[in-house]
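# Report on the structure
Take a look at the letters that make up each chain.
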Amino acid sequence: MKSSSHNLPKISPDWQLTQPWTAKHLFIGIALLAVLAFTGSRLEMPRMFKEIGEALGYSVGLTEKSPVAAGLARIGNSLFPIQIAEVTEVSRIENFDRNNLPLFARIEIQETKTAHLNHETLQMETGIEKKEMLVAPLGYLKTVLVKMGETLEIALWATVLAILLSIPLAYYAASNYSPNKLTYFLARSSISLLRSVPELITALFLVLAFGFGPIAGVLALALHAAGFLGKFYAEDIENADRKPQQSLEAIGAGKLKTLWYGVLPQVIPQYVAYNLYILDRNVRMATVIGLVGAGGIGQELKGRFDMFHFSHVGTILVVIFITVLLLDQFSARTRKKLL
Amino acid sequence: MLKFHSVSKRFDDGTQALSTINLDIPKGQFCVLLGPSGAGKSTLLYMANGLVTSTTGQVEIDGKMLNRTNIKSIRQTVGMVHQQFNLTPRLSVAMNVLSGALPFVSYLRAAVMWYPRALRERACNLLAEVGLAPEHLSRRVSELSGGQQQRVGIARAFMLEPRLLLADEPVASLDPRVSREIMALLRDEAKRRGTTVVCSLHQPELAVEFADRIIALKGGKLVFDGSPDELVAAGLDGIYQLDAPKPTPANPALHVAPQILEALA
Ligand SMILES: Nc1ncnc2c1ncn2[C@@H]1O[C@H](COP(=O)(O)OP(=O)(O)O)[C@@H](O)[C@H]1O
Ligand SMILES: [Mg+2]
C-alpha cells in the first residue's frame, strides 16, 4: 500500500514547527547549574548531604556512627519528657498557706543527701536534709499556657494595629486613588521601608525605647505587617474591576465613597485572607521576638534555654506547635466560610 | 436642557472620535443616539457628564456650561445606565440601588451603610417599579439574570431623581426579547418623571420603536437627526451603509434622506 503522506497536498512553507527548546535554553540551564555548584561548595552543601546521608543510614542501621544523629538524639533526650509539673521549695514561697493549696497541688518531702564541713571537727559529715516541696502537677504547663496566651494577645493587637495602619497607606499607595504623585511615592516608599526591616530587628530597637515587655513586640510586628498589608491592599485596589467604580464616579459620589462601595466589596475576600495570613504569621513571629525581650512565650523560652532547662524548652515547643496547628485549622475554616 | 456646542473629541492617540457636533435636546425628550460600533456614541454620552472632556466646544446642562468646578455638582443630577450594568458584584441588590444616592448621604452613613428612611423607601419603590420582588433585596446582584441586573441598574440610576439620564447601550448585553422589555421600562420610568434621556443604541429597530427623536452618528459625524418616522422614510439601512452604492429604484430600502447625503458631502 502506498504511504498516504505522498497524497497530502503541498502546504505553504510558512508552516514550520520548531522544537520547544533550543541550545540557548540548554546553555541557560547549564549556567544555572554552574552557579548552584559554585555557591553550594561555598556553603558546605556537600558536607550537609554527606552528614544527612550518614544520619539516615545510622537510623536504619547501615552506618556505624553519625555525629548528626548523636546530636539530634541528645537534643531529643533533653527535650523529652517535657516538663509538665512545677516543683517549688515551700520555704521559698512567700506567705505560704498550707491549708489553702492551689488546685491539684500537693506537698512532698524531698530528701537530699548533703555533705558539709563540720567546723569543730574539721571533718566532712554527711546528712540527710529534708525539704518540703510544693508540687503542682500541671503547674509548668499552666505557666507556659499563660505565656502562650500573652503571645496570642500580642499577635492579635499587632494584627489589628497593622490593619488600621495599612488602610491609609493602601489608599495613598493605590495609583488610581492617591491624590498625586508625591503622596503615591511617599506611601510606596514607606511600605517598602516597613517591609524591608525584619521584625526581630525592629523589636530590638523598640525594646530599647519602650523597655522589656509586650509593647515593643506589638509595635514591631504591627509595623512590619502594615507594610505587607499596605502593599497587597493597594494592589488589589488597583486591580479591582473598574466598571462599578466608573458608575459611582459618574454620579459624583467622590473618591472615598467610590472606594467603599465600588472596590471594597470586590476585594473583601482577599483582604480577609491577607489578614488571616498576617494573624498566623504574627503568632509565629510573636513566639520569636520574645527572644529579644519583647514579651510573650519567647522570653520564657530564652530564659529556660539559657539555664539549660531543656525539658521546659520541650514543653514550650510542644505548646507552640499545637497552637500553630489549631490556628491553621481556624484560618482555613474562616477563609472557606467567607469566600 | 442638554446642549452640545460644536463639541469635538480627539483622543491622545490621535483618534478623531467626534467632529463638531451641535445638538439641543429639550427637557423630557427620549433621545436615541444611533450608530454602529465606533461611531462615537459613548464618547458623546460621556461628554454630557464630563467623563470625557471635549477637545473643542462646550456642553451646557440647564443653562450651565460644564466646567471643572461645577462638574461634581452637575454629575449629582445626571443618572447613568451602563451596557455592562456596572453593579458591584458582591454587594446586595438593595445596597447597589442605595449606592445610587451616595452623593446625598454623609460619609458616616455611607460608611456604616445606614441610609435614611426616605432613601430606603425610594429604593424599595424603584425596585418594585422595575419589576423586582422583595426577596431580591438581600440577594447578591451576581445571582441575578442579565435583564434583572439591568433593572437594578435602572433603579439605581433613578435614585438620584436625575433631571437627565444617560444610557450607554443599556441593552447591548441582553437578548432581543429582554432588550425590548428593558427599553420599555426605561422609557416608562423616564416619561413618568419627565426625565430627559439620551440613550445610545446600535439596533435601529429599537430606536424606531422607543425614541422620540433619533440622532445617528457615523465616524464621529452627525448623519441623521429626526423622528423615527423620518428615519424609516430615509431607510434604516442608510445609516449603516452610507458607503454602499447609491440607491437605485431596484433597491428602495437604500433610499437615503437628503440630510444624510448632505452630511456625507
Ligand atoms: N479612550 C480612548 N482612547 C482612544 N480612542 C478611543 C478611546 N475611547 C474611544 N476611542 C475611539 O473613539 C471612537 C469612538 O468610540 P466610542 O465613542 O466608544 O464609539 P461607540 O460607543 O459608538 O461604539 C472609536 O474609534 C474608538 O476606538
Ligand atoms: Mg460604546
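Calculation rules
Residues numbered from 1 in each chain as written. Chains lettered and ligands numbered in written order. Predicted model: local features only at pLDDT ≥ 70, side-chain atom pairs only at ≥ 80, totals over all residues. Heavy atoms only, no water. Helix = DSSP H or I, 4+ residues; strand = E, 2+ residues; numbered from the N terminus. Buried < 20%, exposed > 50% of the residue type's maximum accessible area, 1.4 Å probe, protein only. Contact = heavy atoms within 4.5 Å. Salt bridge = Lys/Arg side-chain N within 4 Å of Asp/Glu carboxyl O. Pairing = 2+ DSSP bridges. Axes fitted to C-alpha atoms, helices over the stretch in contact; angles between N-to-C directions. Domains from an automatic or database assignment. Buried area = accessible area lost by both parts, 1.4 Å probe. Nonpolar A, V, L, I, M, F, W, Y, C, P; charged D, E, K, R; others polar. Right-handed = clockwise from strand over helix to strand, strands pointing away.

### Looking at the side chain of B:His136
All names here are of chain B. Residue position: His136 is located in the loop between helix H5 (117–129) and helix H6 (146–158). With relative accessibility at 10%, the residue His136 sits in the buried group. Not counting residues up to four positions away in its chain, the partners in contact with His136 are Val93, Leu144 and Gln148.

### Digging into the pattern of salt bridges
The tally for this structure, following the rule as stated, stands at 26 salt bridges over all chains. For B:Arg117, the salt bridge identified is with B:Glu121, shortest N-O distance 3.4 Å. Of the two residues, B:Arg117 and B:Glu121 both sit in helix H5, four residues apart, roughly one turn of that helix. Classification of B:Arg117 as exposed rests on a relative accessible area of 59%. On the basis of relative accessible area, B:Glu121 is assigned to the partly exposed category, the value being 41%. Shared partners join several salt bridges into a network, and the residues in it are A:Arg188, A:Lys231, A:Glu235 and A:Glu238.

### A few points about the sheet that holds strand E3 (residues 123–136) of chain A
Residue and element names in this part refer to chain A. Strand order in the open sheet formed by three strands is E1-E3-E2, with antiparallel pairing between adjacent strands. Looking at strand neighbours, the two that pair on one side only are strand E1 (86–89) and strand E2 (106–118), the edges of this open sheet. Looking at each pair of strands side by side, their axes are set apart by 35° on average, direction ignored. Bridge count for E1 against E3 is four bridges, and the pairing is antiparallel. Looking at the pairing, Thr88 lines up with Leu134 of E3.

### Structural notes on the domain arrangement of chain B
All names here are of chain B. Per the domain assignment, the segments making up chain B are domain 1 (2–77 + 162–264) and domain 2 (88–161). Contact residues are listed per partner, giving 17 residues for domain 1 and 14 residues for domain 2. Approximately 1,300 Å² of surface area, both sides summed, lies buried where domain 1 meets domain 2, with 67% of it carried by carbon and sulfur atoms. By the criterion of area lost to domain 2, the three top residues of domain 1 are Gln76, Pro162 and Leu185, representing 37% of everything that side buries. On inspection of domain 1 and its partner domain 2, the count reaches three salt bridges. Glu181 is the partner of Arg151 in a salt bridge, and the nearest nitrogen-oxygen pair spans 3.0 Å. The element best represented in the side of domain 1 that touches domain 2 is helix H7 (residues 176–193), accounting for nine residues. Residue composition of the side of domain 1 that touches domain 2, by class: nine nonpolar, two polar and six charged.

### What to know about the pairing of strand E8 (residues 196–201) of chain B
All names here are of chain B. In terms of burial, E8 is a largely internal element, six of the six residues being buried. Side chains Thr196, Val198 and Ser200 project from E8 onto one buried face, and the interleaved Val197, Cys199 and Leu201 project onto a second face that is buried too. Sheet analysis places strand E3 (residues 30–34) next to E8, joined by five bridges and oriented parallel. Residue pairing in the sheet places Leu34 in a bridge with Leu201 of E8. Note that strand E7 (residues 164–168) and E8 share five bridges and pair parallel. Counted as the bridge partner of Ala167 is Cys199 from E8. In this fold, the crossover linking E7 to E8 by way of H7 has right-handed handedness.

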